[in-house]
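Overview (structure and organization)
So you can see what is in the structure, the chains are spelled out below.
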Amino acid sequence: MAAEPITHPHPSTTSLDDDPAFALHRGGKLEVRSSVPVRNADDLSLAYTPGVARVCTAIADDPELARDYTWTSRVVAVVTDGTAVLGLGDIGPAASMPVMEGKSLLFKEFAGVDSVPIALATTDVDEIVETVVRMAPSFGGINLEDISAPRCFEIEDRLRAALDIPVFHDDQHGTAVVALAALKNAARLVGRPLSDLRAVVAGAGASGIAVSRILLEAGIGDLALSDSKGLIHEGRDGLNPVKRRIAEVTNRSRLTGSTEDALVGADVFIGLSGSTVHESCVAGMSPDAIVFALSNPTPEVHPEVARRHARVVATGRSDFPNQINNVLAFPGIFRGAFDARAHTITEGMKLAAADALAAIVGDDLTADYVIPGPFDPRVAPAVTSAVAAAARADGVARA
């Protein structure tokens, strides 16, 4: 009698659901609900045919009416190609979907904004831009998510130029807004203006570039940016166009060498690189140093180690004080843009969001509280109001 073949089945769904993360994600985290009742034939005739035809005809005659008579003006497309997902890297569009659903969940829970997660089966820049432009009439805003650098910069720039709705790459600008808000308060705590601080940013990907840009816009005294090859400066060989442009406006001290070299006497360290910084480098910073070690799950320097030498320490983790969490920014930014019917998100709107976040801390400022927590109910309303007002002040509002 022949032996039965040996098989290696996939883990059963029952065994996966023993893990609470799998149990929570079963069936996904989102659903679509009706916002109007359909109880009888009269309701149906208004929600669908024949009543819907009158609305369609009116929109055909005046496309701007779609903003009032469809949901498009208040719905975000959360778009990824799965190439830079959390700390997981290029895991592809299917595997990115739990994160995109999570992003949509945060939009709804923290600011009441509806959104649709969309994972694209392409990494080609032209194809991504074309796809998003073609589907844009269905949405009031585009949140780009987890797209690897440097492609993410070109994709955002081209979509901003092509569309008249807000386009926002959260990995860049959400991180930048929250980091600036926390740094404003950290500087206030140590009694120094931003213009008096020299910062070192480790990591020249999406978030590192964006943080550097917003700190320059906010008036940081000087800033040196580093990548895996060392400090970025004018004249360094092998810089891509994005790094060449940032080299023109950073590192006024013309430092060369490594991140560690630049940290000697520096006032601020912001880590967005996934690299490691030795304790001696933090010890060599200026008195009352500020350290934001933001890589997840492993900060560039452990917070307990950094606290031996730095006055203020922040991370990207929820289990330490001063979490730099994008959820403090992006829900309110989109809600504010939608409330003002802004056709774009300006630098002024991002700076206003940072100011609003920083102001929430107020007189409660301490070394362990330079940024509010994500469940602080004041956050989304404050950011929303500030962003809407800035949109009107910047002349990009339509309401």
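Going from Ala149 to Pro150, the amide bond is cis rather than trans, its omega being 5°. The peptide bond linking Asn296 to Pro297 adopts the cis configuration, its omega dihedral lying at 0°. Along the chain, the position of Pro297 falls in the loop between β9 (289–293) and α14 (303–306). The phi angle at Arg341 is positive, at roughly 50°, despite the residue not being glycine. For Arg341, the location among the structural elements is in the loop between α15 (330–339) and α16 (347–361). Assessed through its relative accessible area of 26%, Arg341 is described here as partly exposed.

Sheet strands pair via backbone hydrogen bonds, and the direction of the pair is either parallel or antiparallel. Read across the open sheet, the 6 strands follow the order β7-β6-β5-β8-β9-β10; overall the sheet is mixed. At either end of the open sheet lies a strand with only one pairing partner, and these are β7 (230–231) and β10 (310–315). Where strand β6 (residues 222–227) lies against β7, 2 bridges are found, and the strand directions are antiparallel. Looking at β7, one finds that Asp227 is bridged to Gly230. Relative to β9, helix α9 (residues 170–190) is tilted by about 160°, and along the sheet it contacts β8 (268–271), β9 and β10. Docked against the sheet, helix α10 (residues 206–218) engages β5 (198–202), β6 and β8, running at close to 170° with respect to β6.

Here we take up the sheet that holds strand β3 (residues 141–144). On the basis of which strands lie adjacent, the open sheet formed by 4 strands has the order β2-β1-β3-β4 and parallel pairing. Two strands close off the open sheet at either side, each with one partner strand: β2 (114–119) and β4 (167–169). Looking at each pair of strands side by side, their axes are set apart by 20° on average, direction ignored. When strand β1 (residues 75–80) meets β2, the two strands line up parallel, connected through 6 bridges. In the sheet register, Val76 faces β2, and the bridge partner there is Ser115. The strands touched by α9 within the sheet are β3 and β4, with β4 carrying the most contacts at an inclination of about 75°.

Further remarks concern the packing of aromatic side chains. The description of an aromatic ring pair uses the distance of the two centres, along with the angle that the planes make with each other. Overall, the coordinates contain 5 aromatic pairs when judged by the stated rule. Ring plane angle 80° and centroid distance 5.4 Å describe the contact between Phe107 and Phe334, whose orientation is recorded as edge-to-face. With Phe107 in helix α6 (residues 92–111) and Phe334 in helix α15, the pair connects residues that are 227 residues apart, well separated along the chain. Exposure remark for Phe107: the relative accessible area of 0% places this residue in the buried category. Exposure remark for Phe334: the relative accessible area of 0% places this residue in the buried category. Centroid distance Phe168 to Phe334: 5.8 Å. Interplanar angle 80°. Geometry classified as edge-to-face. Here the residue Phe168 occupies a position in strand β4, and Phe334 occupies one in helix α15, the gap between them amounting to 166 residues. For Phe168, a relative accessible area of 1% gives the class buried.

Quick notes on the rules
- Residues numbered from 1 in each chain as written.
- Predicted model: local features only at pLDDT ≥ 70, side-chain atom pairs only at ≥ 80, totals over all residues.
- Heavy atoms only, no water.
- Helix = DSSP H or I, 4+ residues; strand = E, 2+ residues; numbered from the N terminus.
- Buried < 20%, exposed > 50% of the residue type's maximum accessible area, 1.4 Å probe, protein only.
- Pairing = 2+ DSSP bridges.
- Contact = heavy atoms within 4.5 Å.
- Axes fitted to C-alpha atoms, helices over the stretch in contact; angles between N-to-C directions.
- Phe/Tyr/Trp six-rings, centres within 6.5 Å; stacked < 30°, edge-to-face > 60°.

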